[in-house]
Amino acid sequence: MIDISSSCNIAQFVSFDEFSKVRFVKLASREIEGRASDDLSQVLAELFRASNSNLINLRFFHPGTSTGAVIVRDIESVDEALQISKSKMVSGGYAIASEVLELADGGVSGVLAGGTVEFLMGVTPRFVDQVDGGFPQLPSAVGERLLRSIYGDHVELSKFEPSMRVEFSIHPYDVGHMGRRMIVWDVYRLANPSRLKPIISWPNLFSEWIGDKLYGQLLASSLGLPVPRSIAWLHPFVAADSANPIERWIPPEGIAFGENTGTSEFWMRSCPSLRRPGLYPTIRGRVDPTNWMLGIDPLGTEIRSCLEQQHVGAQFSGAAFCGDQSPLIEGIAGTGEQYMLGLCAPETLPITVQRTVACLAEEVSSMFGRSRLEWVFDGDRAWVVQINQIAGERREAISHEVPNEEYIDYDPIAGLAELQEIIDYAKIRGCGVRLARAVGLTSHVCELLNNAEVPYVVRRRLKPQVG
């Protein structure tokens, strides 16, 4: 660790031998070899004061062996550390006392190798060998941009060559001998380096922690897609997961990303842990984000964050399915909230709009695979206002009702909460849903029905009787 401490921020530590002679000291207050005048108890006291957790770990090892190191964790005092050292130190052995960095502090640990970064909360970097999926896997440059958005510019992954393997952790406060937010635990050159191809996939444990919608927009922005300028705040109970939440998580600062759309209006968008189509509010205009989130979900069990998203001057808006076939693009003139709720059918879009959105959909497909994209066209470009990966087969058309089949009637004017209740009842009865009006296949109405795998049809129009 001494070798990498000149260029990387490492956990603060003190090393000493069997005779309590201080060998090396790496503290934010001093970065020198041990001095003859150093008293071990005084140097350990410095380490305790420097540790955010007021705890240290002790690792005992013998330089002649690569295995069998003994680690004692969460030591609370200098006296306790000295007593443990006397009982655990072996002849010719050494000890390293290091500051304890909390795993559950709202930060992440990860591994960088082969141009790919993987990370997760509440674990050590070794989680990649122990956890079977469920964590982000991103190109290193994309991961760096995303993590910088959340934790700040101390995240430095691009400084390492693709041939290096780096174990690191990122914290919501300054740590280590350099007083930065990223700690490097180990770094070495791979014997047979190769470029890895990350598989971008969510929801995952991290996206659920910050909110599915926020994660999707951060990811789209980090990949260079046109995302409206946004500021995000974590729910107060989510921010409280960290003993020392950073300023950008809470008002007034916020997590800022995206591009300026050229308007002065804004939308407030709630971000649940998992996608819940249309069930949580999106409102036009600005409100206090903390009070708004607490009003929707006081404990933050569903709503993990919210977005203040810059309005796009919408000439046309809608949604698209992107994936293994040509994109299915639907929309209407103006803003798209009525379309999403199933209150109006899709309109015939101008060729220019179709082509522009199709190009955006192809980009999305190449990055995320099969996805659902919500877009807004401002007369010049198409913007990404929400994005999600999807599973299952997409519908190409809505069927008409079949005689003698059982259906539960639903009119979109009743709202999506009513539709969810109807879906639950239809699954119990094993019947379908009959829509009172034509809706878009990419609307929230069809999305909820498709996700629940409930069959649905459009009500047959009766011909007027004559005479």
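Below: a short report on this structure.

Calculation rules
Residues numbered from 1 in each chain as written. Predicted model: local features only at pLDDT ≥ 70, side-chain atom pairs only at ≥ 80, totals over all residues. Heavy atoms only, no water. Helix = DSSP H or I, 4+ residues; strand = E, 2+ residues; numbered from the N terminus. Buried < 20%, exposed > 50% of the residue type's maximum accessible area, 1.4 Å probe, protein only. Contact = heavy atoms within 4.5 Å. Areas by Shrake-Rupley, 256 points an atom, 1.4 Å probe, with all protein chains shown as cover. Pairing = 2+ DSSP bridges. Axes fitted to C-alpha atoms, helices over the stretch in contact; angles between N-to-C directions. Patch = residues over 30% accessible without salt bridge, like charges linked within 9 Å, V, L, I, M, F, W, Y side chains within 5 Å. Salt bridge = Lys/Arg side-chain N within 4 Å of Asp/Glu carboxyl O. Lys, Arg positive; Asp, Glu negative; His and termini not counted. Charge placed at Lys NZ, Arg CZ, Asp CG, Glu CD. Arc of directions from axis to C-beta.

1. Describing the overall build of the chain
In step 1: Summing up its helical and strand segments, the chain has eleven helices and 24 strands in all.
In step 2: C-alpha atoms of the chain, sized along the principal axes, occupy 110 × 45 × 45 Å.
In step 3: Per-residue burial over the chain gives 50% buried out of 467 residues.
In step 4: Within the chain, counting contacts between residues at least 6 apart in sequence, those at least 24 apart form 65% of the total.
In step 5: When the accessible surface of the chain is split by element, carbon and sulfur atoms take 50% of a total near 21,800 Å².

2. Section: the side chain of S15
In step 1: Mapped onto the elements, S15 comes out in strand 1 (residues 13-17).
In step 2: Overall, the relative accessible area of 2% leaves S15 in the buried class.
In step 3: Filtering out sequence-adjacent residues up to four positions away, S15 remains in contact with K21, V22, R23, F24, A95 and I96.

3. Some words on the sheet that holds strand 9 (residues 137-139)
In step 1: As summarised here, the arrangement of the five strands in space is 9-8-7-10-11, forming an open sheet in which the pairing is antiparallel. The two strands at the open ends of the sheet, each matched to only one other strand, are strand 9 and strand 11 (180-189). The mean inter-strand angle of the sheet, taken between neighbouring strand axes irrespective of direction, is 25°.
In step 2: Inspection of the sheet shows strand 7 (residues 108-113) paired to strand 10 (residues 164-175) by five bridges, in the antiparallel sense. Residue pairing in the sheet places V108 in a bridge with I170 of strand 10.
In step 3: Running over the sheet, helix 3 (residues 140-151) touches strand 7, strand 8 (116-121), strand 9, strand 10 and strand 11 and is turned about 110° from strand 9.

4. Notes on a negative patch on the surface
In step 1: Side chains of D74, E76, E80 and E102 sit close together on the surface and give a patch of like negative charge.
In step 2: Along the chain, the position of E102 falls in the loop between strand 6 (94-99) and strand 7.

5. A few points about helix 1 (residues 40-50)
In step 1: Buried residues of helix 1: L40, V43, L44, L47 and F48, and no others. Projected down its long axis, helix 1 carries its buried residues within an arc of 145°, all on one side. Away from its buried face, by an angle of more than 90 degrees, helix 1 presents the exposed residues Q42 and R49.

6. Let's talk about the sheet that holds strand 14 (residues 266-272)
In step 1: Read across the open sheet, the five strands follow the order 13-12-16-14-15; overall the sheet is antiparallel. With partners counted over all chains shown, the strands left at the sheet margins are strand 13 (255-257) and strand 15 (282-284), one partner each. Sheet twist, expressed as the average angle between the axes of neighbouring strands with direction ignored, equals 20°.
In step 2: Both strand 14 and strand 15 contribute to a ladder of three bridges, which runs antiparallel. Residue pairing across strands places W267 opposite R284, the latter belonging to strand 15.
In step 3: Contacts from helix 7 (residues 289-296) reach strand 12 (230-234), strand 14, strand 15 and strand 16 (303-310) within the one sheet, and its direction differs from that of strand 16 by about 135°.

7. Here's the deal with the environment of K427
In step 1: If you trace the backbone, K427 turns up in helix 10 (residues 416-429).
In step 2: By relative accessible area, K427 is classed as exposed at 52%.
In step 3: Excluding residues that lie within four positions of it along the chain, K427 makes contacts with A452 and V454.

8. Overview of the environment of G331
In step 1: Among the structural elements, G331 can be located in strand 18 (residues 328-333).
In step 2: Discounting chain neighbours no more than four positions away, the residues touching G331 are S317, G318, P346, E347, L349 and W375.

9. What about helix 7?
In step 1: Inspection of helix 7 places P289, W292 and M293 among the buried residues, and these make up the whole buried set. Within helix 7, the buried residues cover an arc of 95° as seen down the axis, which keeps them to one side. The outward face of helix 7, more than 90 degrees from its buried face, is lined by the exposed residues N291 and G295.
In step 2: Where helix 7 is buried, its residues meet strand 12, helix 6 (236-239), strand 14, strand 15 and strand 16.

Functional significance is not addressed by these values, which are geometric in nature.
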